[in-house]
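Chain and residue survey
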Amino acid sequence: MTWALRDSWTVTLRDLGHWRRQPWDLLIGLAFPILLLLMFGYLLGGAIEVPGGYIEFLFPGMLAVTMAFGLESTMTAVSQDVQRGVTDRFRSLPMSRAAVLLGRATADMLASVVGLAVLLVAGLAVGWRVHEGLGSALAGVGLLLLLRFAFLWVGIYLGLLFRGQGGVMAVQILVWPFVFLSNAFVPISTMPGWLQALSAWNPVTATVAATRDLFGNPTVAASGWAADNVVLLAVVWPVVLVAIFGTLAVRRWAHLGR
């Protein structure tokens, strides 16, 4: 275990070193969610009316969407390592087999913590506030990071699965309709009936609704079992995703190159 943790930390430092040598990638990743927040909040927010103000309604959704978009960066990094032969070189070294996946996961989670902190500061700057106390706020942040951890393993598996740039681009495109099919930007009640059913069971929807409740931000009431158990689903969905895609990623890694 000590060997695996030491090797994992070495791989983590290697992945973090890319951001130090290429800071523009990190800066763009930090700035993009803030740009989306400003665009939706101030350009489109005037046309969307929700009780309590659109900024406070929107911001928890932007936090969850940012965690989901992290799938793209993880997948791209893993796919590039496979294409460039870096992964094969790691497999040939006398190092723990778990180190590469754990190192990537640790590096991306650290980057996500930084990105989430920056976005929280930006939210405070544009008028978002927490109304339910520090404990509830920390619980909300914990649910957001749990969602990021789940999508991280989705990204690792897809990065190992799709080696070509075409596959990466296809997944990047599909992430957008997936996150828009949620309550992040508009209330579910404004959607057609069949879309409401899909959106209600979206993992992003559960996390957004749960964090709105924990932060004390305005929400629009929805009906159904999923709407009544959003905190439970905000925990269960990420756990299920990690169990499925974490297992698939480990198996794919073990058979890579065969």
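The shown structure was predicted, so the numbers you read here are calculated from the model rather than taken from an experiment.

Ranked by internal contacts, the top residues of the largest apolar core, which has 57 residues, are Leu63, Ile156, Leu160 and Phe185. Listing elements by their share of this core, those giving two or more residues are α2 (23-44), α3 (54-83), α5 (99-125), α6 (134-161), α7 (165-180), α9 (203-215) and α11 (230-254). In terms of residue count, the dominant contributor to this core is α3 (16 residues). Beyond its immediate chain neighbours, meaning those up to four positions away, Leu160 contacts Val78, Val82, Leu101, Ala249, Arg252, Trp253 and Leu256.

Now for the layout of surface pockets. A volume near 1100 Å³ is recorded for the largest pocket. Elements supplying a minimum of two residues to the lining of the largest pocket: α1 (2-21), α2, α3, α5 and α7. For the lining of the largest pocket, the leading source of residues is α3, giving 11 residues. In terms of residue class, the lining of the largest pocket is built from 15 nonpolar, 12 polar and 9 charged. In this model, the second largest pocket occupies a volume close to 440 Å³. As for the second largest pocket, its lining consists of 24 residues, and the residues nearest its centre are Ile188, Val220, Ala221, Ala222 and Ala227. Sorting the residues of the lining of the second largest pocket by element identifies α8 (193-200), α9 and α10 (225-228) as the ones contributing at least two each. Its residues assigned to classes, the lining of the second largest pocket shows 14 nonpolar, 7 polar and 3 charged.

Counted according to the given criterion, the structure contains 2 cavities of 30 Å³ or more. Put simply, the largest cavity is a space of about 130 Å³. In terms of lining, the largest cavity is formed by 15 residues, of which the most central are Val78, Asp81, Thr87, Val100 and Arg104. Sorting the residues of the lining of the largest cavity by element identifies α1, α3, α4 (86-92), α5 and α6 as the ones contributing at least two each. Across the lining of the largest cavity, the residue classes break down as 10 nonpolar, 1 polar and 4 charged. The calculated volume of the second largest cavity comes to roughly 30 Å³. As for the second largest cavity, its lining consists of Phe90, Arg91, Leu93, Met95, Ser96, Arg97, Val100 and Trp253. The residue makeup of the lining of the second largest cavity, split by class, is 5 nonpolar, 1 polar and 2 charged.

To continue, consider the packing of α6 against α9. Where α6 contacts α9, the two axes come as close as 8 Å, and the packing angle between them is 165°. What the angle tells us is that α6 and α9 run roughly antiparallel. As for how α6 packs across α9, the hand of that crossing is left-handed. Between α6 and α9, the contacting residues are Ser136, Ala137, Ala139, Gly140, Val141, Leu143, Leu144, Leu147 and Phe151 on the first element and Pro203, Val204, Thr207, Ala210, Thr211, Leu214 and Phe215 on the second. Of the residues assigned to the contact of α6 with α9, the class counts are 12 nonpolar, 4 polar and no charged.

A separate point is the packing of aromatic side chains. Throughout the structure, instances matching the rule amount to 14 aromatic pairs. Aromatic side chains Phe59 and Trp128 sit 4.6 Å apart centroid to centroid with 40° between the ring planes, which places their arrangement in the tilted category. Of this pair, Phe59 sits in helix α3 while Trp128 sits in the loop between α5 and α6, and the two are 69 residues apart along the sequence. We note that Phe59, like Trp128, is buried. Relative to Trp225, the ring of Trp201 has its centre 5.9 Å away and its plane inclined at 5°; by these criteria the two rings are stacked. In this pair, Trp201 sits in the loop between α8 and α9 while Trp225 sits in helix α10, placing the two residues 24 residues apart along the sequence.

One way to put it is that α3 packs onto α6 with a least axis distance of 7 Å and a crossing angle of 30°. Of the possible angle classes, the one that applies to α3 and α6 is roughly parallel. Crossing angle aside, the handedness with which α3 passes α6 is right-handed. Every residue of α6 that contacts α3 at Leu63, Ala64, Met67, Ala68, Gly70, Leu71, Ser73, Thr74, Met75, Val78, Ser79 and Val82 is listed here: Leu144, Leu145, Leu147, Arg148, Phe151, Leu152, Val154, Gly155, Ile156, Leu158, Gly159 and Leu160. Taken together, the residues of the contact of α3 with α6 sort by class into 17 nonpolar, 6 polar and 1 charged.

Secondary-structure assignment places Ser189 in the loop between α7 and α8. Take Ser189: its relative accessible area is 49%, and that puts it in the partly exposed class. Sequence-wise, Ser189 and Ser223 are 34 residues apart; in three dimensions their C-alpha atoms are separated by 9.3 Å. For Ser189, the contacting residues outside a window of four places in its chain are Gln196 and Val220.

What counts as what
Residue positions are counted from 1 within each chain, in the order its sequence is given. pLDDT decides what is reported in this predicted model: residues at 70 or higher carry local features, side-chain atom pairs at 80 or more are listed and counted, and totals for whole chains, interfaces and linings draw on all residues regardless. Working from all heavy atoms in the structure, the side-chain values ignore hydrogens and water. Grouping buried Ala, Val, Leu, Ile, Met, Phe, Trp, Tyr and Cys residues that are joined through side-chain atoms within 4.5 Å yields what is termed a nonpolar core. Categorising residues by exposure relies on relative accessible area from a 1.4 Å probe, with only protein chains included: less than 20% of the type maximum marks a residue as buried, more than 50% marks it as exposed, and the intermediate range marks it as partly exposed. Put simply, DSSP H or I for four residues or longer makes a helix, DSSP E for two residues or longer makes a strand, and each gets a number counted from the N terminus. Here, residues are in contact when the closest pair of their heavy atoms is within 4.5 Å. In this analysis the probe radius is 1.4 Å and the grid spacing 1 Å, with only protein atoms considered; a cavity is a set of points the probe fits into but cannot get out of, a pocket is an open set with protein on both sides within 12 Å along at least five of seven lines, and lining residues have an atom within 4 Å of a point. Grid points are joined across faces, edges and corners, and a volume is the space filled by probe spheres set on the points. By the convention adopted, Pro, Cys, Tyr, Trp, Phe, Met, Ile, Leu, Val and Ala count as nonpolar, Lys, Arg, Asp and Glu as charged, and the other residues, Gly among them, as polar. Under this scheme, a helix contributes an axis fitted over its contacting stretch, all axes are lines through C-alpha atoms, and angles between N-to-C directions fall in the 0 to 180 degree range. These descriptions rest on fixed angle ranges, namely under 35 degrees for roughly parallel, over 145 for roughly antiparallel, 65 to 115 for roughly perpendicular, and the rest for oblique. Each helix crossing is assigned a hand: it is left-handed if the near helix lies turned anticlockwise from the far helix by less than a right angle, otherwise right-handed if that turn is clockwise. For Phe, Tyr and Trp, rings pair up if their centres lie within 6.5 Å, where Trp contributes its six-membered ring, and each pair is then called stacked (planes under 30 degrees apart), edge-to-face (over 60) or tilted (otherwise).

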